[in-house]
Amino acid sequence: MLLLVLSFYLRASGLFDVPHTDEDAIMEPVEIMSKTFSFDPDYYQRPNHVSIFVNFAVQNLYSVIRYGDVLANTYDQHVPELFAIARVICALFGVLMVVLAYLIGSQFSRRIGGISAVLFAFFPIFTNHSHLITPDIPTACISMLMIYLAIKLVRRFDQKNLIALCAVCALN
């Protein structure tokens, strides 16, 4: 648990850094979807639809709870706050990668799982990218989930594992 808290701290420490040039690739479609009341992000060039839809859902929910109105009506007044929320979401994907690293490594031994988790918790590339609104960390996280499910499927072939792996592959 301490490892996850430290992992989140490292990832959250850059939440208010200078914006990354790729962050608009996720935030602009969220804004467009909110203002057009559509689930079509109108942007298909990058592998970040998971990030777009997660941010769309979370930010709309946040807007309704915090401001009592849909995101379409509050987006322009609260852009820095919404960017911070999107960065927290990406940081949480980064923390989930630590858990998945442990689960993948533990398929071989608990020791390997622990070493894997520590490496993923503190590896600079993962910590630095986890506080940016880019598709890198969510895509890597879902890819790690695919690896974990593939290992489970190889170890025990059953319909439940196969369906779970196929669903995550389709998501990614």
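Reading the values: rules and limits
Residues numbered from 1 in each chain as written. Predicted model: local features only at pLDDT ≥ 70, side-chain atom pairs only at ≥ 80, totals over all residues. Heavy atoms only, no water. Helix = DSSP H or I, 4+ residues; strand = E, 2+ residues; numbered from the N terminus. Rg over C-alpha atoms; globule rule 2.2 N^0.38 Å. Buried < 20%, exposed > 50% of the residue type's maximum accessible area, 1.4 Å probe, protein only. Contact = heavy atoms within 4.5 Å. Areas by Shrake-Rupley, 256 points an atom, 1.4 Å probe, with all protein chains shown as cover. Lys, Arg positive; Asp, Glu negative; His and termini not counted. Charge placed at Lys NZ, Arg CZ, Asp CG, Glu CD. 1 Å grid on protein atoms, 1.4 Å probe; cavity = no way out; pocket = protein on both sides within 12 Å on 5 of 7 lines; lining within 4 Å. Points joined across faces, edges and corners; volume = space filled by probe spheres on them. Nonpolar A, V, L, I, M, F, W, Y, C, P; charged D, E, K, R; others polar.

(A) Expanded view of the overall build of the protein. Within the protein one finds nine helices and zero strands. Overall, the protein shows an N-to-C arrangement of helices and strands of α-α-α-α-α-α-α-α-α. Its C-alpha atoms give the protein a radius of gyration of 17 Å, near enough to 16 Å, the size a compact globule of 172 residues would have. The principal-axis extents of the C-alpha atoms in the protein amount to approximately 50 × 35 × 30 Å. Across the 172 residues that make up the protein, the buried fraction comes to 41%. The contacts in the protein between residues at least 6 apart in sequence include a share of 65% that link residues at least 24 apart. On the protein, roughly 9,500 Å² of surface is accessible, and the fraction owed to carbon and sulfur atoms is 69%. Side chains of the protein give 11 positive and 13 negative charges; the mean places of these two sets differ by 20 Å.

(B) View of empty space enclosed by the protein. Under the criterion given, the structure shown has one cavity of 30 Å³ or more. In this structure, the largest cavity occupies an estimated 40 Å³ of space. Contributing to the lining of the largest cavity are Ile26, Ser51, Asn55, Ala86, Ile89, Cys90, Phe93, Ile133, Thr134 and Pro138. Those elements that provide at least two residues to the lining of the largest cavity are α3 (49–67) and α5 (79–106). With four residues, α5 is the single largest residue contributor to the lining of the largest cavity. When grouped by side-chain class, the residues that make up the lining of the largest cavity number seven nonpolar, three polar and no charged.

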